[in-house]
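# Architecture and fold: a report
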Amino acid sequence: MSFALVGSYFVIELAYGLLSGSLALLSDAGHMAADVVALGAALIATRLATRPDTTGRRTYGSYRAEVFASLLSVLLMLGVSVYVVIEAIGRIGGDAEVASGPMLVVGGIGLAVNVAALLLLRSGASESLNVKGAYLEVVADTAGSVGVIAAGWLVAATGQPIWDTLVALAIGAFVAVRAVALGREVLAVLGQYAPSGMDPATVADDLASVDGVKDVHDLHLWTLTSGMNVATAHLVTTDRTDGHAVLDRARDLLRDRHGVAHATLQVEPAEHTGCDRVGW
């Protein structure tokens, strides 16, 4: 539904942006085009992520598809921002004519469309990085629609088209900031950093405190996709400890205290050797 709303409005905004000569409308239309692609990619990625693997080679499934879709959103947002800034700088000092009437009408329609899309996407934004990317795109578009309305009003009130250029620059800067913030999250996932809010040292200490565990090493924590944190670790047990009980307690701790539902744990007796031969 969000895809249909945004896609329909993009056509309208692009047409009126060209007719009115408003850079603010064109910049918002460019960002709306990025939204259309991002929402389409989000839909495709969601389908891919839930599709069963028939090759036997995708041992983690296709869950990372949503992360790549989010990366596409980041690149599109940055591209639109660069385009808007270049166009705005080129207009400074010029005498471009801007029709404020279409700006106000189309900006108002855009604001209504974006608010409706935000309401549709809001619930999933906290659960999926992919949906969050689409949600942030629409947030930026909502700000863009407000900017278009403000620019239209200022141009009508002052007769100065420079307001259109200045608002377009502001929209471009806002979109760039949102893109960088989302991009950092995406790169953290692709770089297999420890999940946000999870301290590896704290996790290691908690595992070491499990009854029967003498030492913890080779601990790795990362995010496969939104809501799917993964861990691997070697647990060295004390003498005459039931390895099955240690495994159960450690697994429960990771799930209940740290939100790691998928953990691969290797339980080793104290006399075990050989782990130090791994060089990375």
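Scroll up to find the structure this text is about.
Residues numbered from 1 in each chain as written. Predicted model: local features only at pLDDT ≥ 70, side-chain atom pairs only at ≥ 80, totals over all residues. Heavy atoms only, no water.

Next up on the list: the side chain of Thr237. Position of Thr237 relative to the elements: it lies in strand 2 (residues 228-237). Each residue touching Thr237, except ones within four places of it in the same chain, is listed here: Gly212, Val213, Lys214, Val246, Val267, Glu268, Pro269 and Ala270. (Helix = DSSP H or I, 4+ residues; strand = E, 2+ residues; numbered from the N terminus. Contact = heavy atoms within 4.5 Å.)

This part covers a nonpolar patch on the surface. Residues Val85, Ile89, Ile92, Ile162, Trp163 and Leu166 make up a contiguous nonpolar surface patch of about 490 Å² in total accessible area. Looking at the nonpolar patch, the elements that each hand over two or more residues are helix 3 (65-91) and helix 6 (162-190). Top contributing element to the nonpolar patch by residue count: helix 6, with three residues. Turning to its location among the elements, Ile92 is positioned in the loop between helix 3 and helix 4 (100-125). (Patch = residues over 30% accessible without salt bridge, like charges linked within 9 Å, V, L, I, M, F, W, Y side chains within 5 Å. Areas by Shrake-Rupley, 256 points an atom, 1.4 Å probe, with all protein chains shown as cover. Salt bridge = Lys/Arg side-chain N within 4 Å of Asp/Glu carboxyl O.)

Of all the ten residues making up strand 2, eight are buried; the element is thus mostly covered by neighbouring parts of the structure. Bridge analysis of strand 1 (residues 213-225) against strand 2 gives nine bridges, and the strand direction is antiparallel. For Val213, the partnering residue across the bridge sits in strand 2 and is Thr237. The hairpin turn running from strand 1 into strand 2, its antiparallel successor, is two residues long, and Gly227 in that turn takes a positive phi close to 80°. Both strand 2 and strand 3 (residues 262-269) contribute to a ladder of eight bridges, which runs parallel. Across the sheet, the residue bridging to His234 is Gln266, located in strand 3. The parallel pair strand 2 and strand 3 is bridged by helix 8 (residues 243-258), and the resulting crossover is right-handed. (Buried < 20%, exposed > 50% of the residue type's maximum accessible area, 1.4 Å probe, protein only. Pairing = 2+ DSSP bridges. Right-handed = clockwise from strand over helix to strand, strands pointing away.)

Time to look at the pattern of salt bridges. On inspection of all chains with the given rule, the structure shows five salt bridges. Arg251 is paired through a salt bridge with Asp248; the nearest N and O atoms lie 3.5 Å apart. With Arg251 and Asp248 both in helix 8, this residue pair falls three residues apart, about one helical turn. A residue is classified by how much of its surface remains accessible, and Arg251, at 40% relative accessible area, is partly exposed. Taking the relative accessible area as the measure of exposure, Asp248 reaches 34% and is therefore partly exposed. Here Arg251 makes a salt bridge to Asp252, at a shortest N to O gap of 3.7 Å. By relative accessible area, Asp252 is classed as partly exposed at 27%.

What follows deals with helix 6. Taking 1.5 Å of rise per residue, the 29 residues of helix 6 would be expected to cover 42 Å, and the 42 Å separating its terminal C-alpha atoms lies within 8% of that figure. Those residues of helix 6 that fall on the buried side of the exposure criterion are Asp164, Thr165, Val167, Ala168, Ile171, Gly172, Val175, Ala179, Leu182, Gly183, Val186 and Val189. Gln192, located one to two residues past helix 6, shows a positive phi value of around 55°. (Expected span 1.5 Å × (residues − 1).)

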